[in-house]
Amino acid sequence: MAAPAAGTGAGALHVVVLSPERTVYEGAADSVIAPAYNGSLGIMRGHAPLMALLGEGALRITHGGQELRYTVSGGFLQVADNQVTVLSERAEAA
């Protein structure tokens, strides 16, 4: 099993949210809830590898009891080895 990514705890996901202009968020998370094309998608540590088409709505990232919200529209989400990568056509703090 691979070591946790830099800056994440042993029990955390590593999340990267990217828009065409910039990196919107990069850091640790306990969970991610994303607006998939056909419904919401919840991700926690140990999630099976996944590739999903994003819809439009709120991307919620929780860590340490705090929740960050971003508005995303279109793009893709990938989960692999406790890393969540969100590539969105539009991503901004909500």
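As a starting point, this report considers the structure included with it. The structure presented is a predicted model; accordingly, all values stated were derived computationally and were not measured. (Residues numbered from 1 in each chain as written. Predicted model: local features only at pLDDT ≥ 70, side-chain atom pairs only at ≥ 80, totals over all residues. Heavy atoms only, no water.)

## Brief notes about the environment of Ala93
Then comes step 1: Its place among the elements puts Ala93 in strand β8 (residues 83-93).
Then comes step 2: For the pair formed by Ala93 and Leu59, sequence separation is 34 residues and the distance between their alpha carbons is 9.4 Å.
Then comes step 3: Apart from residues no more than four positions distant in its own chain, Ala93 is found in contact with Arg69 and Tyr70. (Helix = DSSP H or I, 4+ residues; strand = E, 2+ residues; numbered from the N terminus. Contact = heavy atoms within 4.5 Å.)

## Quick look at the pattern of salt bridges
Then comes step 1: Tallying each qualifying case throughout the model produces four salt bridges.
Then comes step 2: Arg69 is the partner of Glu67 in a salt bridge, and the nearest nitrogen-oxygen pair spans 3.0 Å.
Then comes step 3: Residue Glu67 is classed as partly exposed on the basis of its relative accessible area, which comes to 40%.
Then comes step 4: Taking the shortest distance from any N to any O, the salt bridge between Glu92 and Arg90 comes out at 3.4 Å. (Salt bridge = Lys/Arg side-chain N within 4 Å of Asp/Glu carboxyl O. Buried < 20%, exposed > 50% of the residue type's maximum accessible area, 1.4 Å probe, protein only.)

## Some thoughts on the pairing of strand β6 (residues 56-63)
Then comes step 1: Where strand β3 (residues 31-36) lies against β6, three bridges are found, and the strand directions are antiparallel. Opposite Ser31, over in β6, you have Thr62 as the bridge partner.
Then comes step 2: As paired elements, β6 and strand β7 (residues 66-80) share eight bridges and run antiparallel to each other. Residue pairing for β7: Leu59 is matched across the bridge by Tyr70. (Pairing = 2+ DSSP bridges.)

## Structural notes on the environment of Ala48
Then comes step 1: Note that Ala48 resides in the loop between β4 (39-44) and β5 (50-53).
Then comes step 2: Judged by relative accessible area, Ala48 falls into the partly exposed class, the value being 45%.
Then comes step 3: Distance in space between the C-alpha atoms of Ala48 and Asn82 is 8.7 Å, their sequence separation being 34 residues.

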